Amino acid sequence: MSQPAYAAAQSVTGRSPSRMAWERIKKDRTAKVSGSVILIFIALAILAPIFTWIIHSSPDAFHTETLNQEFGTQPLGKLGGVSGAHWFGVEPRTGRDIFLRFVFGARTSLIIALSATVLATILGVVIGLVSGFFGGKTDLVLSRTMEIVLSFPSILFALAVMPVLESVFQGWGLPQGNGTRITVMIFILAMFGWPYIGRIVRGQVISLREREFIEAARALGASRTHLIFREILPNLWAPILVTVALNIPTYITAEAALTFLGAGVIDPTSDWGAMLLASVPFYSVDPMFTFIPGFALFMLVLSFSLLGDSIRDALDPRSSR
Amino acid sequence: MFSYLLRRLVSGTVVLGIVSAIVFGIFFILPADPARLSCGKTCSEELIVKIRHTLELDQTLPVQYGRFIKGIFVGRTYLKGTPAELNCTAPCLGYSFQTDQPVTALLKDRLPATASIAFGASILWLLIGLSSGIVSALRRGTWIDKFSQGVALGAASLQIYFVGLVLQFIFVNKLAWLPAPGYSSPLHYPVDWVKQMALPWITLAFLLSAIYSRLTRAGMIEIMGEDYVRTARAKGLSNRTINMKHVLRGAITPIVTVFGLDLGGLLGGAVITEYVFNIPGLGKLSTDAVANLDLPVITGTVIFSAVFIIVANILVDLLYAVLDPKVRIQ
């Protein structure tokens with residue numbers, strides 16, 4: 001966009017729309033609180049290895065001495081074995097430290113959700129731009145593709161293709177194990193996620209491409225690539241940012257759901273969905289084991305949703321809650 | 001209207017054809033041999049060859065897919081002309097590798113449980129979502145509005161697989177008010193049906209009503225500012241008439257859209273709900289099929305739920321035109 005001509009008045013400092021949005025966010029209490037919660041989760045995920053050093057344990061170490069010695073199943077002590085050594089208690093049957101599994105689980109969740117978001121956004125933005133800008137047959141093919149992807153029962157299909165894609169990726173030389181499974185999950189989540197952002201970008205591009213500044217750039221002889229990426233894309237960052245912020249929680253829950261259904265990350269890698277799945281046989285005797293990953297997931301999703309709402313409100317002053 | 005419907009049906013069928021081709025084709029990438037999967041662990045080489053022949057797995061992929069599609073519309077006969085002829089009537093989706101039952105029969109068998117969850121829960125969540133949304137909109141800014149919108153925001157961030165376990169812990173294990181969730185036929189055991197379905201209904205309704213509550217509130221508040229509402233007020237209509245007949249009527253369209261898509265998605269298999277509560281519906285059928293690599297059942301369930309999604313999409317668009325006079329279908 002061009003510089004506003006009236007910004008010349010000396011006493012008034014010109015503020016860009018992004019600067020104004022940032023100032024609105026800084027004043028928003030909800031945004032501050034939810035943003036801080038997210039930062040805490042990210043910090044925990046990054047600092048996870050430090051906790052293994054503080055606690056002198058690892059998320060995979062068995063502490064069978066903390067379990068009922070007669071049966072070797074249930075944690076000793078209150079609240080699933082909460083103690084100075086094991087802050088959130090221990091896992092039934094294995095005695096693995098739940099706090100460590102929780103922080104390392106935050107890692108898995110965030111890595112998968114954020115990578116899937118980035119991949120889906122890139123795909124969605126590029127396809128949406130191309131589809132909206134070129135129109136005609138290109139648009140027909142691309143928007144039909146979006147329609148088809150959206151017609152898939154996504155959870156069901158994702159469950160079914162997990163083993164297939166895993167073997168394909170292994171065929172390409174990726175090792176067997178959770179590394180490959182995580183890659184496949186990111187890939188699948190992005191595959192089903194991009195049409196949501198693609199549709200929005202396409203709609204915006206269709207209305208933008210008829211505007212005068214595009215016509216002017218075209219008259220100046222700008223190339224299509226220049227028009228798409230230099231003229232149109234910079235005008236789209238607000239809707240893209242809002243969609244991304246509101247989509248992240250969906251990826252977090254989708255990842256946990258897939259893992260909970262047995263198609264995601266598997267032992268010994270820590271993951272919240274996997275912890276919930278592992279807690280199912282014990283929820284009636286050791287509710288703490290279910291509660292910790294469930295509550296963590298709730299907090300993270302809630303914070304991202306609230307932050308997403310705040311970002312939307314900040315970027316679009318007309319919208320109000 | 002009619003030509004629009006016809007066009008949508010045609011394009012829906014095309015989409016379904018592509019979805020089925022992708023699902024059908026994807027399992028051919030799998031290194032596992034379907035005949036071996038069907039046969040089980042202790043299986044002789046001769047038997048595998050025989051199965052391959054019986055299930056026509058020795059044909060090329062396009063031939064197999066063609067026969068599969070033909071089976072859906074007109075039925076198909078395996079081992080034609082031999083004494084062991086297997087007649088699979090339309091709509092034929094093949095036979096389960098695990099139980100040898102026709103997939104169509106399995107789907108028919110599991111649909112009632114899924115439909116019970118979907119319809120029961122949807123009635124509940126509409127009631128809760130709409131009423132709390134209406135109250136919020138009418139009492140905007142009061143504590144009741146803040147409370148219900150706060151609950152809605154929290155509920156929208158909760159997960160079925162977490163809330164389901166927590167509620168089960170409270171109501172089944174601790175208080176023992178309800179039996180473990182499951183499915184009994186509503187025709188023969190209506191009381192058991194309600195008791196066993198209660199938790200899935202409540203869990204789903206609690207989480208999903210949040211979206212409806214927020215939609216209703218936002219929609220009504222927006223419509224309240226419209227000129228025609230002011231006109232209605234100026235005409236001296238009662239508040240009740242204005243709110244219910246004019247405001248709610250105007251705000252209902254997006255709710256119907258979301259509702260249709262949610263219901264359609266759920267009818268194709270409430271995958272997570274059925275898994276958490278161990279209810280033998282379509283979702284459980286498909287998760288079990290995935291765990292056992294029961295390819296015909298996986299293909300069948302994916303196609304079946306895609307049908308629900310596509311049909312729900314078409315119905316929603318048609319309803320849109322009926323509900324919103326501004327939308328004209330060409």
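Residues numbered from 1 in each chain as written. Chains lettered and ligands numbered in written order. Predicted model: local features only at pLDDT ≥ 70, side-chain atom pairs only at ≥ 80, totals over all residues.

(A) Looking closely at the overall build of chain B. A tally of regular secondary structure across chain B gives 13 helices and two strands. Counting over 330 residues, chain B shows a buried share of 38%. At a minimum sequence separation of 6, the contacts of chain B that also span at least 24 residues come to 64%. (Helix = DSSP H or I, 4+ residues; strand = E, 2+ residues; numbered from the N terminus. Buried ≥ 20, exposed ≤ 12 C-beta atoms within 10 Å, placed from the backbone. Contact = placed C-beta atoms within 7 Å.)

(B) Highlighting the overall build of chain A. For chain A, the count of helices and strands is 11 helices and zero strands. N-terminal to C-terminal, the α/β element order of chain A is α-α-α-α-α-α-α-α-α-α-α. By principal-axis analysis of the C-alpha atoms, chain A measures approximately 85 × 55 × 35 Å. Per-residue burial over chain A gives 42% buried out of 321 residues.

(C) Structural detail: helix α1 (residues 2-26) of chain B. For α1 of chain B, built from 25 residues, the straight-helix expectation of 36 Å at 1.5 Å per residue is met to within 8% by its first-to-last C-alpha distance of 36 Å. For α1 of chain B, the complete set of buried residues consists of Val15, Val19, Ser20 and Val23 of chain B. In this structure, the buried residues of α1 of chain B make contact with α4 (136-151) of chain A together with α13 (295-323) of chain B. (Expected span 1.5 Å × (residues − 1).)

(D) Structural view of the interface of chain B and chain A. Counting residues at the interface gives 35 residues for chain B, matched by 34 residues for chain A. Breaking the side of chain B that touches chain A down by element, the ones donating at least two residues are α1, α6 (143-156), α7 (160-174), α11 (271-277), α12 (282-291) and α13 of chain B. At seven residues, α13 of chain B tops the list of elements feeding residues into the side of chain B that touches chain A. Residues belonging to the side of chain B that touches chain A are distributed by class as follows: 25 nonpolar, 10 polar and no charged. (Nonpolar A, V, L, I, M, F, W, Y, C, P; charged D, E, K, R; others polar.)

(E) View of the packing of helix α3 (residues 98-134) of chain A against helix α6 (residues 178-208) of chain A. Residue and element names in this part refer to chain A. Here α3 crosses α6 at 35°, and the two axes come no closer than 5 Å. Crossing geometry of α3 relative to α6 is assigned as right-handed. Considering only residue class, the contact of α3 with α6 consists of 21 nonpolar, eight polar and one charged. (Axes fitted to C-alpha atoms, helices over the stretch in contact; angles between N-to-C directions. Left-handed = near helix turned anticlockwise from the far one by under 90°.)

(F) Quick look at the environment of Phe169 of chain B. Considering the arrangement of structural elements, one finds Phe169 of chain B in helix α7. Judged by local crowding, Phe169 of chain B falls into the partly exposed class, with 17 C-beta atoms found within 10 Å.

(G) Structural context of the UniProt feature "domain: ABC transmembrane type-1" (unreviewed entry) in chain A. Using the residue numbers shown here, the UniProt feature "domain: ABC transmembrane type-1" (unreviewed entry) corresponds to residues 106-308 of chain A. End C-alpha to end C-alpha, residues 106-308 of chain A measures 20 Å, and it is 81% helix and 0% strand. (UniProt positions renumbered as here; feature names shortened; annotations may be inferred.)

(H) Expanded view of the UniProt feature "domain: ABC transmembrane type-1" (unreviewed entry) in chain B. Here the UniProt feature "domain: ABC transmembrane type-1" (unreviewed entry) sits at residues 111-320 of chain B. From the first C-alpha to the last, residues 111-320 of chain B spans 28 Å; its make-up is 82% helix and 0% strand.

(I) Main features of the domain arrangement of chain B. Residue and element names in this part refer to chain B. Taken as a whole, chain B is organised into domain 1 (2-88) and domain 2 (103-329). Facing the 14 residues of domain 1 at the interface are 12 residues of domain 2. Mapped onto the side of domain 1 that touches domain 2, the elements with two or more residues apiece are α1 and α2 (34-39). Among the elements that make up the side of domain 1 that touches domain 2, the one with the highest residue count is α1 (10 residues). (Domains from an automatic or database assignment.)

(J) Inspection of the packing of α6 of chain B against helix α8 (residues 190-224) of chain B at higher detail. Residues and elements named next belong to chain B. The N-to-C vectors of α6 and α8 enclose an angle of 130°; their axes lie 8 Å apart at closest approach. Our classification of the angle between α6 and α8 gives oblique. You can see that α6 and α8 cross each other, and the crossing is left-handed. Along the contact surface, α6 presents Ser148, Gln149, Ala152, Ala155 and Ala156, while α8 presents Phe206, Leu207, Ala210, Ile211, Ser213, Arg214 and Arg217. (Parallel < 35°, antiparallel > 145°, perpendicular 65-115°, else oblique.)

(K) View of the UniProt feature "transmembrane region" (unreviewed entry) in chain A. Residues and elements named next belong to chain A. When the UniProt feature table is mapped onto this chain, "transmembrane region" (unreviewed entry) is found at residues 33-55, 110-136, 148-169, 181-201, 232-252 and 288-308. Within residues 232-252, the helical portion is 81% and the strand portion 0%, while the C-alpha atoms at the span's ends are 30 Å from each other. Secondary structure within residues 288-308 divides into 100% helix and 0% strand; the distance between the first and last C-alpha atoms comes to 30 Å.

(L) Quick look at the UniProt feature "transmembrane region" (unreviewed entry) in chain B. Residue and element names in this part refer to chain B. Those places that UniProt annotates as "transmembrane region" (unreviewed entry) correspond, in this numbering, to residues 9-30, 117-138, 150-173, 193-212, 250-277 and 297-323. From the first C-alpha to the last, residues 150-173 spans 29 Å; its make-up is 88% helix and 0% strand. When the span residues 250-277 is considered, its composition is 89% helix and 0% strand, and the gap between its end C-alpha atoms is 38 Å.

(M) Molecular detail of the confidence of the model for chain A. For chain A, the mean per-residue pLDDT works out to 83, and 91% of the residues sit at or above 70. In the model of chain A, helix α1 (residues 17-27) of chain A stands out as the element of lowest mean pLDDT, 80, in contrast to α3 of chain A, which has the highest, 91. (pLDDT = per-residue confidence, 0-100.)

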